[in-house]
Amino acid sequence: MAAKILDGKKVAEEIKTSLKEEVTRLKARGLTPGLAVVLVGEDPASKVYVKQKEKACEEVGFASQVYRLPEDTSEESLLQLINELNDDRAVHGILVQLPLPGHLDANQVIQAINPAKDVDGFHPFNVGRLAAGLAAPVPCTPRGIIHLLEAYNIPIAGRHAVVVGRSNIVGKPLAQLLLARDATVTVCHSKTGNLTSFTRTADILVAAVGRPRLITRDMVKLGAVVVDVGINRLPEGMVGDVDFEAVREVADYITPVPGGVGPLTIAMLLRNTLEAALAGQGGGPPGE
Ligand code: GUN
């Protein structure tokens, strides 16, 4: 029997509907959540993602500003913009779209962001808090994946989760979140030998490496939950890191590409921004 689809688009719409209501209440109290997005250069995929973020902010009633800076922007002027945004009381969240052009040091830039406004959860202060099990803004894609699993009542505790990919954006923080929910976690990556021997033991298999259709049917255990974070633009269209048509025959649940994890990432960015706005007002702590 074919796997059930984890419908990220639907779940993200539900989140946005409830955020919209919350924003209406906050605005009546004089608080409009504000997000500043910084895009440097012309990376085509980044331009699409930033546009999607801008549109989502508009949809839920946030005040969003997008700063589109030229490819040759100096580190000094980028850091100066971040300082200004750090000082701007109307800006509750700051997101610098990655990857940055090669002459800019992403670590320096991320560390310049006030950790309280770090809605990506990439600042080392927040990375450390997450690892220590303390309240922190959680990186949007991993938070979205956990939300999606929970929305479908998929148990995590006691299960073997295999994360393929060790990026700071997805793999590492997702491993932390799964561990915190009592999964047994294996992190695989490009140097892992005999990848199949690991993926075949996964109850929950997450592919986040950016290699089109890397995960084939023979790599998946019967009844597994398969989450595809890949967004690969090929001449024939967008495909994930999972061979969807073949793997859906063996998995119990699977995310489609597009319409799986992607919409959740944006919904969680909105949620992180709203939580940063509330925390800035003495509201509740951030957290899942
Ligand atoms: N590039 C790809 N994913 C992300 C993300 O979640 N945040 C930022 N800032 N850049 C990205």
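Just above, that's the structure.
The model shown is predicted, which means the values in this text are computed figures rather than measured ones. (Residues numbered from 1 in each chain as written. Predicted model: local features only at pLDDT ≥ 70, side-chain atom pairs only at ≥ 80, totals over all residues. Heavy atoms only, no water.)

A. Structural detail: the overall build of the protein. What the protein contains, in helices and strands, is ten helices and eleven strands. Dimensions along the principal axes, computed over C-alpha positions, put the protein at roughly 50 × 40 × 40 Å. Out of the 288 residues in the protein, the part that is buried amounts to 49%. Of the contacts made within the protein by residues no fewer than 6 positions apart, 71% connect residues no fewer than 24 positions apart. In the form shown here, the protein has an accessible surface area of approximately 13,200 Å², with 52% of it arising from carbon and sulfur atoms. The centroid of the 30 positive side-chain charges in the protein is displaced by 4 Å from the centroid of its 33 negative side-chain charges. (Helix = DSSP H or I, 4+ residues; strand = E, 2+ residues; numbered from the N terminus. Buried < 20%, exposed > 50% of the residue type's maximum accessible area, 1.4 Å probe, protein only. Contact = heavy atoms within 4.5 Å. Areas by Shrake-Rupley, 256 points an atom, 1.4 Å probe, with all protein chains shown as cover. Lys, Arg positive; Asp, Glu negative; His and termini not counted. Charge placed at Lys NZ, Arg CZ, Asp CG, Glu CD.)

B. Expanded view of unusual backbone geometry. In this model, Leu-98 is joined to Pro-99 through a cis peptide bond whose omega is 0 degrees. That bond from Val-257 to Pro-258 is cis: its omega, -5 degrees, falls within 30 degrees of zero. By the element assignment, Pro-258 lies in the loop between strand 11 (253-254) and helix 10 (261-280). A positive phi angle is found at Asn-194, which is not glycine, with a value near 50 degrees. Looking at where Asn-194 falls in the secondary structure, it is placed in the loop between strand 6 (184-188) and helix 8 (195-199). The exposure class assigned to Asn-194 is exposed, which follows from its relative accessible area of 56%. Backbone geometry places Arg-213, a non-glycine residue, at a positive phi of 50 degrees. Relative to the helices and strands, Arg-213 is located in the loop between strand 7 (204-207) and strand 8 (225-228).

C. Inspection of the packing of helix 6 (residues 140-151) against helix 7 (residues 171-180) at higher detail. Close contact between helix 6 and helix 7 brings their axes to 8 Å; oriented N to C, the two are set at 35 degrees. Crossing angle aside, the handedness with which helix 6 passes helix 7 is right-handed. Residues Pro-142, Arg-143, Ile-145 and Ile-146 of helix 6 touch helix 7, and the partners they reach there are Pro-173, Leu-174, Leu-177 and Leu-178. Residues belonging to the contact of helix 6 with helix 7 are distributed by class as follows: seven nonpolar, no polar and one charged. (Axes fitted to C-alpha atoms, helices over the stretch in contact; angles between N-to-C directions. Left-handed = near helix turned anticlockwise from the far one by under 90°. Nonpolar A, V, L, I, M, F, W, Y, C, P; charged D, E, K, R; others polar.)

D. A look at helix 1 (residues 8-28). For helix 1, spanning 21 residues, the distance from its first C-alpha to its last is 30 Å, which sits close to the expected 30 Å at 1.5 Å a residue. Gly-8, Val-11, Ala-12, Ile-15, Lys-16, Leu-19, Val-23 and Leu-26 are the residues of helix 1 that are buried. Buried residues of helix 1 fall within an arc of 130 degrees about the axis and therefore sit on the same side. Opposite the packed face of helix 1, turned more than 90 degrees from it, sit the exposed residues Thr-24, Arg-25 and Ala-28. (Expected span 1.5 Å × (residues − 1). Arc of directions from axis to C-beta.)

E. A look at the sheet that holds strand 3 (residues 63-69). Taken in spatial order, the three strands of this open sheet run 3-2-4, and their pairing is parallel. Looking at which strands have only one partner, the edges of the open sheet turn out to be strand 3 and strand 4 (93-96). Each adjacent strand pair in this sheet contributes to an overall mean axis angle of 15 degrees, direction not counted. Alignment of strand 2 (residues 34-40) against strand 3, held across seven bridges, turns out to be parallel. Bridge assignment links Ala-36 to a residue of strand 3, and that residue is Gln-65. (Pairing = 2+ DSSP bridges.)

F. Examining the pattern of salt bridges more closely. Summed over the entire model, instances satisfying the criterion amount to eleven salt bridges. Salt-bridge contacts for Glu-54 lead to Arg-68; the nearest nitrogen and oxygen are separated by 3.2 Å. Of this pair, Glu-54 sits in helix 2 (residues 44-60) while Arg-68 sits in strand 3, and the two are 14 residues apart along the sequence. For Arg-68, a relative accessible area of 46% translates into the label partly exposed. Salt bridges sharing common partners tie together Glu-13, Lys-16, Lys-55 and Glu-59. (Salt bridge = Lys/Arg side-chain N within 4 Å of Asp/Glu carboxyl O.)

G. Representation of the site of the ligand within the structure. Inspection of the region around the ligand gives Leu-95, Val-96, Gln-97, Leu-98, Asp-120, Phe-122 and Ile-169 as its neighbouring residues. A distance of 2.9 Å separates a nitrogen atom of the ligand from a polar atom in the backbone of Leu-98. Between the ligand and Asp-120 there is a distance of 2.6 Å, counted from a nitrogen atom to a side-chain nitrogen or oxygen. In the complex, the protein chains occlude 84% of the 280 Å² of accessible area that the ligand would expose alone. For the shell around the ligand, the residue count by class is five nonpolar, one polar and one charged. (Near = heavy atom within 4 Å. Polar contact = N/O pair within 3.5 Å; in protein donor to acceptor, adjacent residues only side chain to side chain.)

H. Quick look at the side chain of Asn-126. Looking at the secondary structure, you find Asn-126 in helix 5 (residues 124-131). Beyond its immediate chain neighbours, meaning those up to four positions away, Asn-126 contacts Pro-115, Asp-118, Gly-121, Ala-136 and Pro-137.

In short, the description is geometric, and any link to function would need to be established separately.
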